[in-house]
Amino acid sequence: VTLSLGMLAGVLIGLSITVYPGVDLQGAITLGNVVQAGTTLFVGIAVASYLQPQTASDRKEKEIVFRHFDVAIDALSTLEGSIHNGVLVDINAQLKKVSGTCSAVSNLVTELEFSAEVTSKCNVAELLSQLRRLATHTPIDATDQPAVADATVLDGRIRYSDSRAALITTRIQQTRMRLLRAQMAVNKA
Amino acid sequence: MLLKIASDFSSTPGPRRRSEGNFSGEEFRQRILVPKLKSAMDAGRELVVDLDGTSGYGTSFLEEAFGGLIRNNGYSLTELQRAVKFVSNEEPDLLKEIDEYMCEAHERLSQ
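The shown structure was predicted, so the numbers you read here are calculated from the model rather than taken from an experiment.

Reading the values: rules and limits
Residues numbered from 1 in each chain as written. Chains lettered and ligands numbered in written order. Predicted model: local features only at pLDDT ≥ 70, side-chain atom pairs only at ≥ 80, totals over all residues. Heavy atoms only, no water. Helix = DSSP H or I, 4+ residues; strand = E, 2+ residues; numbered from the N terminus. Rg over C-alpha atoms; globule rule 2.2 N^0.38 Å. Buried < 20%, exposed > 50% of the residue type's maximum accessible area, 1.4 Å probe, protein only. Areas by Shrake-Rupley, 256 points an atom, 1.4 Å probe, with all protein chains shown as cover. Lys, Arg positive; Asp, Glu negative; His and termini not counted. Charge placed at Lys NZ, Arg CZ, Asp CG, Glu CD. Contact = heavy atoms within 4.5 Å. Pairing = 2+ DSSP bridges. Axes fitted to C-alpha atoms, helices over the stretch in contact; angles between N-to-C directions. Parallel < 35°, antiparallel > 145°, perpendicular 65-115°, else oblique. Left-handed = near helix turned anticlockwise from the far one by under 90°. Nonpolar A, V, L, I, M, F, W, Y, C, P; charged D, E, K, R; others polar. Phe/Tyr/Trp six-rings, centres within 6.5 Å; stacked < 30°, edge-to-face > 60°. Salt bridge = Lys/Arg side-chain N within 4 Å of Asp/Glu carboxyl O.

**Q** Explain the overall build of chain B here, please?
**A** Broken down by element type, chain B carries five helices and three strands. Counting from the amino terminus, helix and strand elements in chain B follow one another as β-α-α-β-α-α-β-α. Relative to the compact-globule value of 13 Å for 111 residues, chain B shows a C-alpha radius of gyration of 13 Å, a close match. Summarising its shape, the C-alpha atoms of chain B cover approximately 30 × 30 × 25 Å along the three principal directions. Within chain B, the proportion of its 111 residues that are buried is 52%. When the accessible surface of chain B is totalled, it reaches about 4,900 Å², and 48% of it is carbon and sulfur. Computed over 14 positive and 19 negative side-chain charges, the separation of the two mean positions in chain B equals 5 Å.

**Q** I would appreciate a short explanation of the environment of Leu80(B) in the present structure.
**A** Residues and elements named next belong to chain B. Residue position: Leu80 is located in helix α4 (residues 77-83). Sequence separation of Leu80 and Phe61 is 19 residues, and the distance between their C-alpha atoms is 18 Å. For Leu80, the contacting residues outside a window of four places in its chain are Leu37, Phe66, Leu69, Ile70, Tyr75 and Met102.

**Q** Explain the pairing of strand β2 (residues 47-50) of chain B to me, please; I cannot follow it from the model alone.
**A** Side chains on a regular strand alternate between the two faces of the sheet. Residues and elements named next belong to chain B. Because side chains alternate across β2, one face comprises the buried residues Leu47 and Val49, and the other comprises Val48 and Asp50, equally buried. Of the pairings in the sheet, the one linking strand β1 (residues 2-4) to β2 comprises three bridges and is parallel in character. If you follow Leu3 over to β2, its bridge partner there is Val49. The pairing of β2 with strand β3 (residues 84-87) spans four bridges and is classified as parallel. Pairing of Leu47 across the sheet is with Val84, part of β3.

**Q** Would you explain the side chain of Gln183(A) in this entry?
**A** Here Gln183(A) shows up in helix α6 (residues 162-188). When neighbours within four sequence positions are excluded, Gln183(A) is seen to be in contact with Phe66(A), Phe69(A), Asp70(A) and Ile73(A).

**Q** Help me understand the packing of helix α3 (residues 59-71) of chain B against helix α5 (residues 93-110) of chain B in this model?
**A** Helix-helix packing is characterised by the crossing angle of the two axes and by the distance between the axes. Residue and element names in this part refer to chain B. Where α3 contacts α5, the two axes come as close as 8 Å, and the packing angle between them is 45°. When the interaxial angle is binned, α3 and α5 end up oblique. For the crossing formed where α3 meets α5, the hand is right-handed. Contacts between α3 and α5 involve Thr59, Leu62, Glu63, Phe66, Gly67, Ile70 and Arg71 from the former and Leu94, Glu97, Ile98, Tyr101, Met102, Ala105, His106 and Leu109 from the latter. A class-by-class count of the residues in the contact of α3 with α5 yields nine nonpolar, three polar and three charged.

**Q** Looking at this structure, how should I read the packing of aromatic side chains?
**A** Any two aromatic rings considered together are summarised by their centre-to-centre distance and by the angle between their planes. For the structure on display, the rule yields seven aromatic pairs over all chains. Linked through ring pairs, Phe9(B), Phe23(B), Phe28(B), Tyr57(B), Phe61(B), Phe66(B) and Phe86(B) together constitute an aromatic cluster.

**Q** Help me understand the pattern of salt bridges in this model?
**A** Any two side chains of opposite charge can pair if their charged atoms end up close together. Residues and elements named next belong to chain B. The full count for this structure, using the stated rule, is 16 salt bridges over all chains. Close ionic contact of Arg29 with Glu64 constitutes a salt bridge, the shortest N to O distance being 2.7 Å. Remark: Glu64 occurs in helix α3 and Arg29 occurs in helix α2 (residues 25-42); sequence separation between them is 35 residues. For the pair shown, Arg29 and Glu64 are each scored as buried. Three or more residues are tied together by salt bridges with common partners; here these are Arg16, Arg29, Glu63, Glu64 and Arg71.

As structure tokens, this is what we get:
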């Protein structure tokens, strides 16, 4: 389509010049003008051919990062389901998946040399560590900190008190929001 | 001397105590970790604990297994820091976490 339109525009401009010859080229073109025009054309083509693959490469890199973000956010949703079911092994597995994908995002943005601000936004390790503790910690003994003592395990299933379950839900939402903000930061970069 | 949890114990580590379910941290410590650690120390060798290959660890499993070495089996923090090396390529953050559990267990005993 572009080629056809270009050809059509070329023919129309050619016709208009033939009908209304507004440019008198006689004696006006020097070797300098030709060299200048050639150089301008060359620089234009060179810049375009350099920038096009560069932009395509940047877009491809961002797409890879976005795919990891999507996997991490999906894994967080699955984790919510596992926490609701309470099977400890499943919770551990989902936490590992979330943690692995988030750490892959963090490594990717570092390797792709995003700015320090973006890199820092993509690092959710501290939040995940708190989430792991909230989701899987059970008391060592009766003297263990009361704040984390409100979870019990039986037959490999963990049951949380209402307050603990609410804390876990809040922490998952915070992590999800952080990942979405990080994704926006990568998109803007 | 190498101890790979996924193959020497279980690929699905479970809760803290035996009474709470299968493949607990307590069972791992008593049945696998302490005998391996003892034989490594007797032979004057380092015990390398490989954490990779499992479906994931809960904090209580790790705390009971490694903090429990200090709390229940009488090992000192410095002794363990010298004799045991942890490897986790899949979740490198676990190494810091385990170190924190051992330090916390040491502090609890000191109090």
